[in-house]
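Results of the structural survey
Listed below are the residues making up each chain.
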Protein chains: 2
Amino acid sequence: MSGILVVGSVALDSVKTPAGKSIEALGGSATYFALAASCFSKVALVGVVGEDFPREHRRTLELRGVDLAGLKTAKGKTFRWSGKYGKDASTATTLATDLNVFKTFSPELSDAQRKTPVVFLANIDPDLQSSVLAQMKSPALVACDTMNYWIDSKPAAIKKLLAKVDVFFANDQEAMKLTGAVNALLAAEALAGWGPSVVVIKKGEHGALMKVGSKFFVFPAYPLARIKDPTGAGDTFAGGFLGYLASTASHKDISYLKRAMAYGTIMASFNVENFSTKNIEELDRGAIDERFHDFAERLAVPLEGGLLRGRRAIPV
Amino acid sequence: MSGILVVGSVALDSVKTPAGKSIEALGGSATYFALAASCFSKVALVGVVGEDFPREHRRTLELRGVDLAGLKTAKGKTFRWSGKYGKDASTATTLATDLNVFKTFSPELSDAQRKTPVVFLANIDPDLQSSVLAQMKSPALVACDTMNYWIDSKPAAIKKLLAKVDVFFANDQEAMKLTGAVNALLAAEALAGWGPSVVVIKKGEHGALMKVGSKFFVFPAYPLARIKDPTGAGDTFAGGFLGYLASTASHKDISYLKRAMAYGTIMASFNVENFSTKNIEELDRGAIDERFHDFAERLAVPLEGGLLRGRRAIPV
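Conventions adopted
- Starting afresh in each chain, residues are numbered from 1 along the sequence in its written order.
- Written order determines the labels here, with chains lettered from A and ligands numbered from 1.
- Where totals are concerned, whole chains, interfaces and linings use all residues; where local detail is concerned, this predicted model gives features only for residues with pLDDT of at least 70, and gives and counts side-chain atom pairs only at 80 or more.
- Computation of side-chain values covers all heavy atoms of the structure but excludes hydrogens and water.
- For helices the rule is a DSSP run of H or I covering at least 4 residues; for strands it is a run of E covering at least 2, with both sets numbered from the N terminus onward.
- In this description the radius of gyration comes from C-alpha coordinates, and the expected globular size is given by 2.2 Å times residues to the power 0.38.
- Exposure categories follow from relative accessible area, calculated using a 1.4 Å probe and restricted to protein chains: below 20% of the type maximum is buried, above 50% is exposed, and the middle band is partly exposed.
- Note on contacts: a residue pair qualifies if any of its non-hydrogen atoms lie within 4.5 Å across the two residues.
- Under the convention used here, a 1.4 Å probe and the Shrake-Rupley method define accessible areas, while residue burial counts only the protein chains that appear.
- Positive: Lys, Arg. Negative: Asp, Glu. His and the chain ends are not part of the count.
- For this purpose, a charge sits on NZ of Lys, CZ of Arg, CG of Asp or CD of Glu.
- Summed over both partners, the accessible surface that disappears when two parts come together, traced with a 1.4 Å probe, is what is meant by buried area.
- For salt bridges, the criterion is a side-chain nitrogen of Lys or Arg within 4 Å of an Asp or Glu carboxyl oxygen.
- Polar contacts here mean pairs of N or O atoms no more than 3.5 Å apart (in protein, one a potential hydrogen donor and the other a potential acceptor; neighbouring residues in sequence count only if both atoms are side-chain atoms).
- Basically, the charged four are Asp, Glu, Lys and Arg, the nonpolar ten are Ala, Val, Leu, Ile, Met, Phe, Trp, Tyr, Cys and Pro, and anything else, Gly included, counts as polar.
- Superposition of the copies used a least-squares fit over C-alpha atoms from residues whose pLDDT is at least 70 in both.
- Any two strands between which DSSP finds at least two bridges are classified as paired.
- Between N-to-C directions, angles cover 0 to 180 degrees, with each direction set by a line fitted to C-alpha atoms, over the stretch in contact for helices.
- To define a nonpolar core, start from buried Ala, Val, Leu, Ile, Met, Phe, Trp, Tyr and Cys residues and group those joined through side-chain atoms within 4.5 Å.
- Put simply, two rings from Phe, Tyr or Trp (the six-membered ring, in Trp's case) pair if the centres are within 6.5 Å, and we call them stacked under 30 degrees between planes, edge-to-face over 60, tilted for the rest.
- Charges are assigned to positions over rings by a cutoff of 6 Å between ring centre and Lys NZ or Arg CZ, combined with an angular limit of 35 degrees from the ring normal.
- Should an angle lie under 35 degrees it is considered roughly parallel, over 145 roughly antiparallel, and from 65 to 115 roughly perpendicular; all remaining angles are considered oblique.
- In a left-handed crossing the near helix is turned counterclockwise from the far helix by less than a right angle, and in a right-handed crossing that turn is clockwise.

Next up on the list: the overall build of chain A. Per the secondary structure count, chain A includes eleven helices and 15 strands. Scaling as 2.2 N^0.38, a compact globule of 316 residues should have a C-alpha radius of gyration of about 20 Å, and chain A matches this with 19 Å. The C-alpha extent of chain A, read off along each of the three principal axes, is 65 × 40 × 40 Å. Scored against the burial criterion, the 316 residues of chain A give a buried share of 59%. Sequence separation of 24 or more characterises 62% of the internal contacts of chain A that already satisfy a separation of 6 or more. Only carbon and sulfur atoms are counted for the fraction: they give 51% of the accessible area of chain A, which is about 12300 Å². Averaged over its 38 positive side-chain charges, chain A has a centre that lies 3 Å from the centre of its 32 negative ones.

Right, let's talk about the interface of chain A and chain B for a bit. Each side of the interface is counted separately: chain A has 45 residues, and chain B has 44 residues. For the pair chain A and chain B, the summed buried area comes to about 4300 Å², and 60% of that belongs to carbon and sulfur atoms. On the surface where chain A and chain B come into contact, there are four salt bridges. With a closest N to O distance of 3.6 Å, Glu189 of chain A and Arg226 of chain B form a salt bridge. Between chain A and chain B we count 18 residue pairs in polar contact (both at pLDDT 80 or more) in total. Those elements that provide at least two residues to the side of chain A that touches chain B are α8 (184-193), β13 (215-219), α10 (254-271), α11 (285-299) and β14 (306-309) of chain A. Per-element accounting of the side of chain A that touches chain B gives the leading share, eight residues, to α11 of chain A. Looking at the side of chain A that touches chain B residue by residue, the class counts come to 25 nonpolar, five polar and 15 charged.

Another point: the relation of the copies chain A and chain B. Mapping chain A onto chain B leaves a residual RMSD of 0.0 Å; the transformation is a rotation of 180° accompanied by 0.0 Å of translation along its axis. The transformation just described matches what one would write down for a two-fold rotation axis.

Moving on to the sheet that holds strand β7 (residues 92-98) of chain B. Residues and elements named next belong to chain B. Pairing in this open sheet of four strands is mixed, and the strands run β3-β2-β6-β7 from one edge to the other. Of all strands in the sheet, those bounded by a partner on one side alone are β3 (20-27) and β7. The sheet shows a mean angle of 15° between the axes of neighbouring strands, direction not considered. Of the strand pairs in this sheet, strand β2 (residues 11-17) and strand β6 (residues 79-85) are connected by six bridges, and their pairing is parallel. Across the sheet, the residue bridging to Asp13 is Trp81, located in β6. Lying on the sheet, helix α1 (residues 29-37) is in contact with β2 and β3; it crosses β3 at an angle near 85°.

Now for the nonpolar core. Counting 128 residues, the largest nonpolar core has Leu45, Phe169 and Phe241 of chain A together with Leu45, Phe169 and Phe241 of chain B as the members making the most contacts within it. Beyond its immediate stretch of four places on either side in the chain, Phe241 of chain B contacts Val167, Phe169, Val198, Val200, Met210, Leu257, Ala260, Met261 and Gly264 of chain B.

Below, the discussion takes up the side chain of Thr146 of chain A. All names here are of chain A. You can see Thr146 is positioned in the loop between β9 (141-144) and α5 (148-153). Exposure remark for Thr146: the relative accessible area of 4% places this residue in the buried category. Sequence-distant contacts of Thr146, that is, excluding residues within four places in its chain, are made with Asn123, Ile151, Ile158, Phe168, Phe169 and Glu174.

Bringing the packing of aromatic side chains into the picture now. Evaluated as defined, the whole model comprises 22 aromatic pairs over all chains. Geometrically, the ring pair formed by Phe40 of chain A and Tyr263 of chain A is edge-to-face, given 5.0 Å between the ring centres and 70° between the ring planes. Separated by 223 residues along the polypeptide, Phe40 of chain A in the loop between α1 (29-37) and β4 (43-50) and Tyr263 of chain A in helix α10 bring together distant segments of the chain. Of the two residues, Phe40 of chain A and Tyr263 of chain A, both sit in the buried class. Ring centres of Phe33 of chain B and Phe120 of chain B lie 4.3 Å apart, and the angle between their planes is 15°; this geometry places the pair in the stacked category. Within this pair, whereas Phe33 of chain B is found in helix α1, its partner Phe120 of chain B is found in strand β8 (residues 118-121), the two being separated by 87 residues in sequence. Overall, the relative accessible area of 0% leaves Phe33 of chain B in the buried class. Taken together, the aromatic side chains of Phe33, Phe120, Phe169, Phe237 and Phe241 of chain A make up a single cluster linked through ring pairs. A cation sits over an aromatic face here: Lys211 of chain B above Phe216 of chain B, 5.8 Å from the ring centre.

All names here are of chain A. Contact pair helix α4 (residues 126-135) / helix α6 (residues 155-162): the axes reach a minimum separation of 8 Å and the direction vectors enclose 25°. The orientation of α4 with respect to α6, classified from their angle, is roughly parallel. Along this stretch, α4 crosses α6, giving a crossing that reads as left-handed. The segment α4 lies against α6, with Pro126, Asp127, Gln129, Ser130 and Leu133 engaging Ala157, Ile158 and Leu161.

Attention now moves to helix α8 (residues 184-193) of chain B. Residues and elements named next belong to chain B. Taken together, the buried positions of α8 are Ala184, Leu185, Leu186, Ala187, Ala188 and Leu191. Put simply, Asn183 is the residue that caps the front of α8, since its side-chain oxygen is 3.1 Å from the backbone nitrogen of Leu185. Gly195 occupies a position one or two residues after α8 and carries a positive phi of about 150°.

Following this line, the structure appears as structure tokens:
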């Protein structure tokens, strides 16, 4: 596989957290995803901004090699979101959402875009996600995300979409709401029954779990004592996960999927250490891999008298 | 090291959960701890029961080889606790606490007990924990737990105790309350500053974290989609952790401490799969190690082209 198409929002975010605030900073699901995924793979972004979208934000994405041919500029203002986080940083309180040019967003993909092997349908109207997917020419890997707003208003459209998706990302509260399950594992089980061969449930500071086949893999978050701004954690997770997978040969091998979980975890950890996209704009692969190795090393439970390797211990 | 002395409660618990209920079943912090730790090490229990304590409960502990010379029978009734859990199983609502003979519990250790190398001061009055510790003859490893009740009523006594303790166990809410920290990692940092070289913060279904030196190690819970009764999860965790450590040469080597975290996780996972102590009464080491290996295997993030070993990849 190689190359990812992401369809989603590009926004100007104003965020307040106990660590400070940022005003009209670069944001949006497609933005966070693209910046994270571009550390691993070629990314093309499909979205819309208004005439007021700052030139330097476009430049930030271009410097990461993100293909912006699909980022249209429409008459009007860019999508704006503002929110605040309390001490626990787990949930945002939305203060204002101004869809602006995003209100009439309805992407038409170019021929080149239709042929991209990996597609990530970021959090937008599930009917729109389905319409984008219908334009794709037999992609190797289809992934999507969603959010509470669509779970409340269009659950049937999400279920219909999931039948055609390989990897589904959701946070634990959303997954439980969508399925009616009482915990994240049962929610993942139910969601897998609707279609996706891989279900990833994100639990914020408590890490993430992945269901593949009959097995659950649960990983903690990378331990950070201080975070500044949780905005975009889910999309950078998906960006690390899919960016890594798109750079490899396979998404059916469990070793690749476990590494994808670890890269997702690591990209989200970098992201929340600073406001907006500041920390991931210029992140290099060396720093990513260093933290990835540190994470894997902390998680490794050495067997007595040797290392773990499948069910056997390797004598050292 | 070899041999653990546990001082704590032995109780009759009545518990209601969404999965069912149990009435006047075997419970108490010292009981759960002893049953779990005895899968790894010799355990001596110090506690008190009333004249009504069923003969078969004593037998259950004896069958695991738990030394009950320190379990006194006092005039009166055994400590009783009853509680219920909601759907999320994370916190118990206490319905009744009848301390009974436990009210005047004030253990005097025998000469043999004072020489035990490892001691676990389960959740009792911190002044009592200190008085037991003062009776010990230079133990190799001292560990303790506490609970909200003592954090509210005797925080200074807990702080004083922690200065003399090697391993401190607490759940995340308790640790944050005790230290005033806004998250579990900062709480662990603060607690480590008070004395313990190892701080273990339990997060229920979200796993546990350990602070050793300047490093955090975070592990998820063993993935279970269905649990029956969370009672005793914390004490079986401590039992697996210390039982394993007491059976080994060292508690200063990070490999041993990581395995201890994994054994704690596994013992807690078995415990919550059934009511009261049912699941851990006859658990054998083979079943424990099978789940331990499965847990370690799921957590292992294989590096590309090889296995993780320290910072290097071993080609396969």
